[in-house]
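What follows is the residue order along each chain.
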Amino acid sequence: MTHVEGAPEDTAPPTVRGRVAYQGAPGAFSHEACLRLRPWDTPVGFATFEDAIQAMLSGDCGCALIPVENAIIGRVEPAASLVEALDMEPIAEVWRPIRLALMAPSGARLADIRTAESHPAALGQCVHTLAAMGLTAVEAFDTAGAAQAVAQAGDRTRAAIAPLGAAEAYGLSILRNDLQDSADNRTRFVLLSAEAG
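S.K.: Quick one: what's the story with the overall build of the protein chain, residue by residue and with numbers?
M.R.: Looking only at helices and strands, the protein chain features seven helices and 12 strands. Dimensions along the principal axes, computed over C-alpha positions, put the protein chain at roughly 50 × 30 × 30 Å. Going through the 197 residues of the protein chain one by one, you find that 49% of them count as buried. Taking as baseline every contact in the protein chain between residues at least 6 positions apart, the subset at least 24 positions apart corresponds to 73%. Counting every atom, the protein chain has about 8600 Å² of accessible surface; 50% of that belongs to carbon and sulfur. Positive and negative charge centroids in the protein chain, built from 14 and 24 side chains respectively, lie 8 Å apart.

See below:
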């Protein structure tokens, strides 16, 4: 297995190139990790971890990139359990820094915000910060998906917690950076390939 810290490495055999399945929408942390680890492949987003893994197993995608561990919350569930159940050796892994930003529709002020929407794993990484800000956490299927939903709603009392790139992708304004409860917030992603087994 290849361990990657930072820069992408061209380490995978040609048979697994092409499409990489991940859970989430464009702009999500998993999407960013795909682009960093596999810049030669096309990331393909799925609504659930199960769907992303199934796409890899069926051959629809050559690989799947799945987050399994976070420095703040520990295991990323249900992803970690799904990967364990496969009993499949990852072909690569990468630890990626995770910086969470609070974003809302243009014109919203921090004082206007009542709810913060994101993936449960992201919400778990900023529990203390959200409590101190008096915001109600609302679970969404994905970080970038939450940003997209907040942008579409246009409600200035709703914000999303997502990567900085999601604000640009969906036309949102950043109200606060670095919501994570720890400065050393990192997530470990594993790259799986049915073809490599």
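Back to the text.
S.K.: Give a detailed account of the pattern of salt bridges, specifying residues and quantitative values.
M.R.: One pass over the full model with this rule turns up 10 salt bridges. Residue Arg188 pairs with Glu69 through a salt bridge whose shortest N-O separation is 3.1 Å. Placement of Arg188 in strand β12 (residues 186-192) and of Glu69 in strand β4 (residues 63-70) is noted, with a sequence separation of 119 residues between them. A salt bridge links Glu84 to Arg75; the shortest N-O distance between them is 2.6 Å. Residue classification places Arg75 among the partly exposed positions, given a relative accessible area of 40%.

Quick notes on the rules
Residues numbered from 1 in each chain as written. Predicted model: local features only at pLDDT ≥ 70, side-chain atom pairs only at ≥ 80, totals over all residues. Heavy atoms only, no water. Helix = DSSP H or I, 4+ residues; strand = E, 2+ residues; numbered from the N terminus. Buried < 20%, exposed > 50% of the residue type's maximum accessible area, 1.4 Å probe, protein only. Contact = heavy atoms within 4.5 Å. Areas by Shrake-Rupley, 256 points an atom, 1.4 Å probe, with all protein chains shown as cover. Lys, Arg positive; Asp, Glu negative; His and termini not counted. Charge placed at Lys NZ, Arg CZ, Asp CG, Glu CD. Salt bridge = Lys/Arg side-chain N within 4 Å of Asp/Glu carboxyl O.

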